[in-house]
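Fold and geometry: a report
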Amino acid sequence: MKKELHIFFTCLMFYTRIPCPKNITHDPDYLNKATRYFPFIGWIVGSISFFAFYVFSLFLSTETAVIFAIIASILTTGAFHEDGFADVCDGFGGGWTKEKILLIMKDSAIGAYGAIGLVLLFLAKFKLLSESILPYINQKNYFLVFLIFISAHSVSRLAAISIIFTHEYSRDDATSKSKPIAKKHTWKEISGSFFFGLLPLIALSYFCFQFEILLVLIPVFLTRYFLARYFQKWIDGYTGDCLGATQQVCEVIFYLSLLFIWKFI
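The structure reproduced in this document is the subject of the present report. (Residues numbered from 1 in each chain as written. Predicted model: local features only at pLDDT ≥ 70, side-chain atom pairs only at ≥ 80, totals over all residues. Heavy atoms only, no water.)

**Notes on the packing of aromatic side chains**
- Applying the stated criterion across every chain, the model contains 31 aromatic pairs.
- Note on Phe56 and Phe68: the rings are 4.0 Å apart at their centroids and 10 degrees apart in plane angle, and the pair reads as stacked. Of this pair, Phe56 sits in helix α3 (residues 38-57) while Phe68 sits in helix α4 (residues 62-77), and the two are 12 residues apart along the sequence.
- What makes Phe68 partly exposed here is its relative accessible area of 31%.
- With centroids separated by 5.3 Å and ring planes inclined at 85 degrees, the aromatic side chains of Phe143 and Phe207 adopt a geometry described as edge-to-face. Remark: Phe207 occurs in helix α11 (residues 187-207) and Phe143 occurs in helix α9 (residues 142-161); sequence separation between them is 64 residues.
- Since its relative accessible area comes to 41%, Phe143 is described here as partly exposed.
- Judged by relative accessible area, which is 42%, Phe207 ranks as partly exposed.
- Members of the aromatic cluster, connected to one another through ring pairs, are Phe8, Phe9, Tyr37, Phe40, Trp43, Phe195 and Phe196. (Phe/Tyr/Trp six-rings, centres within 6.5 Å; stacked < 30°, edge-to-face > 60°. Helix = DSSP H or I, 4+ residues; strand = E, 2+ residues; numbered from the N terminus. Buried < 20%, exposed > 50% of the residue type's maximum accessible area, 1.4 Å probe, protein only.)

**Looking at a nonpolar patch on the surface**
- On the surface, Tyr54, Leu58, Phe59, Leu60, Ile67, Phe68, Ile71 and Leu75 cluster together into a nonpolar patch covering about 780 Å² of accessible area.
- Mapped onto the elements of the fold, Phe59 is located in the loop between α3 and α4. (Patch = residues over 30% accessible without salt bridge, like charges linked within 9 Å, V, L, I, M, F, W, Y side chains within 5 Å. Areas by Shrake-Rupley, 256 points an atom, 1.4 Å probe, with all protein chains shown as cover. Salt bridge = Lys/Arg side-chain N within 4 Å of Asp/Glu carboxyl O.)

**Quick word on helix α13 (residues 240-264)**
- For α13, spanning 25 residues, the distance from its first C-alpha to its last is 36 Å, which sits close to the expected 36 Å at 1.5 Å a residue.
- Along α13, 20 of the 25 residues are buried, which leaves the element largely enclosed by surrounding structure. (Expected span 1.5 Å × (residues − 1).)

**Here we look at α9**
- An ideal rise of 1.5 Å per residue puts 28 Å on 20 residues; α9 measures up with 29 Å between its terminal C-alpha atoms.
- Across the 20 residues of α9, 17 count as buried, placing the element largely inside the fold.

**Considerations on the side chain of Asp90**
- For Asp90, the location among the structural elements is in helix α5 (residues 80-94).
- Although Asp90 is buried, it forms no salt bridge, and the closest oppositely charged side chain is Lys100 at an N-O distance of 12 Å.
- At 2.7 Å, the side chain of Asp90 and the backbone nitrogen of Gly114 are in polar contact.
- Not counting residues up to four positions away in its chain, the partners in contact with Asp90 are Gly95, Ile104, Ala109, Ile110, Gly111, Ala112, Tyr113 and Gly114. (Lys, Arg positive; Asp, Glu negative; His and termini not counted. Polar contact = N/O pair within 3.5 Å; in protein donor to acceptor, adjacent residues only side chain to side chain. Contact = heavy atoms within 4.5 Å.)

This is the structure in structure tokens:
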């Protein structure tokens, strides 16, 4: 139990800005095992984001509250995944070889592709999240809104972390701090990831009596498949930035898929 707590706090420290016990470090072995808790981080980030949304929705419009919810999630993670998304936009937008793409992604400066990508990403998140929770906001059913928040964050993180189970790490050196999570995985990492990744979505489908909501997994994992295939084609695998970009894109696809289900199924 003590070891599992250490692994969890390692995951929490690596993927968020939430304070952790002083004895927690970026131990490579614990960091590798921490992948099992990555989707659970989505529970935490989604909960914080929902809390911000709920508080601000008491005084402001739903759309404005959604903006503060997005800000809260960014502050919680330190824009960890958004930074990866911007780097991927710059790298794959400006590079034409594996070496050039990886070099651009290592650059801490943001380029035009990254800046444009982030603007479009946040616009999509704002609009799609606002519309996807609207049916339950009108019903004053904030519990289901809460489940949507944590489901989006957990499923998108499951889609991202699952890439390490099927693909190889791209860089040949240890220049990325994400390298330890790419070394190996066991059934504990795989089963833990899928358990924490899927449970909130299953709960959402159960409590709203709409099991067709589970269909969102199809477009989310199709997106994950094509992104992983694209990364494999250009850089022979993935990097930490690729995982961050996958999480962000799959979160947007989750909201979009939910809207499609609300309207057409």
